[in-house]
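# Observations on the model geometry
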Amino acid sequence: MARIAPSILSADFASLADAIDQVKPEADLLHVDVMDGHFVPNLTIGPPVVASLRKHTDLYFDCHLMIDNPAEFLDDFAEAGADGCSVHVELGDVPELIRQMRELGLDVGVAVNPETPFDACEPYLDDIDLLLLMTVHPGFGGQEFMPEVMEKVRQARAELDRRNLGVALQVDGGINEQTGALAAAAGADVFVSGSAIFHAADPLEAARRLGAAVA
Ligand code: DX5
Ligand code: ZN
């Protein structure tokens, strides 16, 4: 079943609670982009904001950690109320990060940049809940979808099915009705979308339409 994950990166940070309420009926997960100005050239939010939002909503918090040192912050995210965290495979030491997330009771995600091959995440498929395949270079919302990543989505779908694994296959970056449909056809089942939802005149309707396009 396809799931929609609105990314609050594109919402008005001064009105995050309202933005979340607006899309909640169509949101299966809430995608929280955490950036440190090192792993990616942008700074966003961290555990204190997650903790504040946790008091406001019971939505599933899917925290995408684009930071150099996730090992130092995973417990803070768990404490703040994250449900799942994704760490980037490019950082290395993935088995230890997976172990740490499990121990904290977090759902375990591994994120993969567009230029990173499928082979880099393949060894971890048996140990994770979510595989995040980036369809833009991480760091900013509103970038153009990279169709060349669809080959990796197909590879991942084939391998997950071959091993009969229930790992969620998430795409993130430039997802709208058109590109979402391409990713769905390639085998993705969780669709992160920031600007196509929150920059729309009616974010709830935009999320609903995206859901219909990827169903
Ligand atoms: C980019 C982030 C994405 C971003 C997607 O680094 O990981 O989650 O919010 O935004 P859009 O949908 O606008 O590309
Ligand atoms: Zn993201």
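Here, the structure is the one placed above.
Read on for a plain summary of the structure. (Residues numbered from 1 in each chain as written. Chains lettered and ligands numbered in written order. Predicted model: local features only at pLDDT ≥ 70, side-chain atom pairs only at ≥ 80, totals over all residues. Heavy atoms only, no water.)

### A look at the overall build of the chain
What counts is decided by this rule: Labels follow the DSSP assignment, with helices taken as runs of H or I lasting at least four residues and strands as runs of E lasting at least two, numbered in each case from the N terminus. When we talk radius of gyration, it's over C-alpha atoms, and the globule rule is simply 2.2 Å times the number of residues to the 0.38. Think of it in three bands: residues with accessible area under 20% of the maximum for their type are buried, residues over 50% are exposed, and the middle band is partly exposed, with areas taken using a 1.4 Å probe on protein chains only. Should any heavy atoms of two residues lie within 4.5 Å, those residues are counted as being in contact. Residue burial considers only the protein chains on display, and all accessible areas are found by Shrake-Rupley using a 1.4 Å probe.
A tally of regular secondary structure across the chain gives 8 helices and 8 strands. A compact globule built from 215 residues would reach a C-alpha radius of gyration of about 17 Å, and the chain, at 16 Å, matches this within 12%. C-alpha extents for the chain along the principal axes are approximately 40 × 35 × 30 Å. The buried share of the chain, taken over its 215 residues, is 53%. For the chain, contacts bridging at least 24 residues in sequence account for 62% of all contacts bridging at least 6. With an accessible surface of roughly 9200 Å², the chain has 49% of that area assigned to carbon and sulfur atoms.

### Concerning the environment of Pro117
Within the secondary structure layout, Pro117 lies in the loop between strand S5 (107–112) and strand S6 (130–134). Put simply, Pro117 and Lys152 are 35 residues apart on the chain and 7.4 Å apart in space, counted from C-alpha to C-alpha. Ignoring any residue separated from it by four or fewer positions in sequence, one finds Pro117 in contact with Val112 and Lys152.

### Let's talk about unusual backbone geometry
The backbone of Asp93 shows a phi angle near 55°, a positive value even though the residue is not glycine. Along the polypeptide, Asp93 turns up in the loop between strand S4 (84–88) and helix H4 (94–103). Among the residues examined, Asp93 registers a relative accessible area of 56% and is labelled exposed. One non-glycine residue, Asn164, adopts positive backbone phi at about 60°.

### Considering the environment of Asp202
When you line up the elements, Asp202 lands in the loop between helix H7 (195–198) and helix H8 (203–214). Given a relative accessible area of 42%, Asp202 falls into the partly exposed group. As a C-alpha pair, Asp202 and Ala184 span 18 residues in sequence and 23 Å in three-dimensional space.

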